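Here are the chains, one letter per residue:
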Amino acid sequence: MATASPSVFLLMVNGQVESAQFPEYDDLYCKYCFVYGQDWAPTAGLEEGISQITSKSQDMRQALVWNFPIDVTFKSTNPYGWPQIVLSVYGPDVFGNDVVRGYGAVHVPFSPGRHKRTIPMFVPESTSKLQKFTSWFTGRRPEYTDPKVVAQGEGREITALQKAVFSVRGLTSPRLLALVHIKGT
């Protein structure tokens, strides 16, 4: 007697990281990666990528436009561990060192169709004045060794953050435009 193999469904994500507004910074680039549960597996496309460096637009918005494409397909037998996309934005400091300018994460939309998401960003912060001075002086600001920790709850409770440093000033973060298609097999 043949045993029935578990049925799977496919999650196809096609889209792009369109733009961001970081008024204090210029010449930024973006990295993305996906975080997903144990039952999920990528079947096509790239799980991570890095964009080109972009400069602010010359209009009043001063947007940083990447139009950075994302195209990936996942398969799973259950929705537990639904994929999240993690964005990291980097740019030069006054010494020319690349430093993190923001981390953010959002779940891939659950319903099929065209979706637009604005992702709030945050930056880790030194906890003492001595650490702040040392990190400024050496050009080594606090950052995660693995940006995927942004999408996971474990281990973040002791991290000091500049909380929503960009949204406090009424600015928007990177925009993600995604076309989601879910197909059962």
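Scroll up to find the structure.
Here the structure is a predicted model, which is why all the values come from computation and not from measurement.

Conventions and cut-offs
Residues numbered from 1 in each chain as written. Predicted model: local features only at pLDDT ≥ 70, side-chain atom pairs only at ≥ 80, totals over all residues. Heavy atoms only, no water. Helix = DSSP H or I, 4+ residues; strand = E, 2+ residues; numbered from the N terminus. Buried < 20%, exposed > 50% of the residue type's maximum accessible area, 1.4 Å probe, protein only. Lys, Arg positive; Asp, Glu negative; His and termini not counted. Salt bridge = Lys/Arg side-chain N within 4 Å of Asp/Glu carboxyl O. Polar contact = N/O pair within 3.5 Å; in protein donor to acceptor, adjacent residues only side chain to side chain. Phe/Tyr/Trp six-rings, centres within 6.5 Å; stacked < 30°, edge-to-face > 60°. Lys NZ or Arg CZ within 6 Å of the ring centre and 35° of its normal.

Colleague: Which parts of the structure should I look at to understand the side chain of Arg101?
Modeller: Relative to the assigned elements, Arg101 resides in strand S7 (residues 98-107). At 6.0 Å, Asp93 is the nearest oppositely charged side chain to Arg101, a buried residue that forms no salt bridge. Engagement of the side chain of Arg101 in a polar contact is seen with the backbone oxygen of Pro92, the distance being 2.8 Å.

Colleague: What am I meant to see in unusual backbone geometry here?
Modeller: The phi angle of most residues is negative, glycine excepted, and most peptide bonds adopt the trans form. Unusually for a residue other than glycine, Asp27 sits at a positive phi of about 55°. Looking at the element boundaries, Asp27 is found in the loop between strand S1 (9-20) and strand S2 (29-35). On the basis of relative accessibility, which here comes to 34%, the residue Asp27 falls in the partly exposed class. A positive phi angle, near 50°, is found at Gln62, a position not held by glycine. Here Gln62 is to be found in the loop between strand S4 (48-50) and strand S5 (64-76). On the basis of relative accessibility, which here comes to 35%, the residue Gln62 falls in the partly exposed class.

Colleague: Whenever I open this one, the packing of aromatic side chains confuses me. Can you help?
Modeller: Aromatic ring pairs are defined here through the distance separating the ring centres and the angle between the ring planes. Scanning the entire structure with this criterion turns up 11 aromatic pairs. A centroid spacing of 5.9 Å and a plane angle of 80° characterise the contact between Tyr32 and Phe34, whose relative ring orientation is edge-to-face. Pair check on accessibility: Tyr32 and Phe34 agree, each one buried. Each member of the aromatic cluster is reached from another via a ring pair, and the members are Phe9, Tyr32, Phe34, Tyr36, Trp40, Phe68, Phe74, Trp82 and Phe110. Its guanidinium or amino end placed over the ring of Tyr90, Lys31 lies 5.0 Å from that ring's centre, counting from NZ or CZ.

Colleague: Sorry, what's going on with the pattern of salt bridges here?
Modeller: Pairs can form between side chains of opposite charge once their charged atoms are near each other. All chains considered together, the criterion is met by two salt bridges. For Asp59, the salt bridge identified is with Arg61, shortest N-O distance 3.7 Å. Since its relative accessible area comes to 49%, Arg61 is described here as partly exposed.

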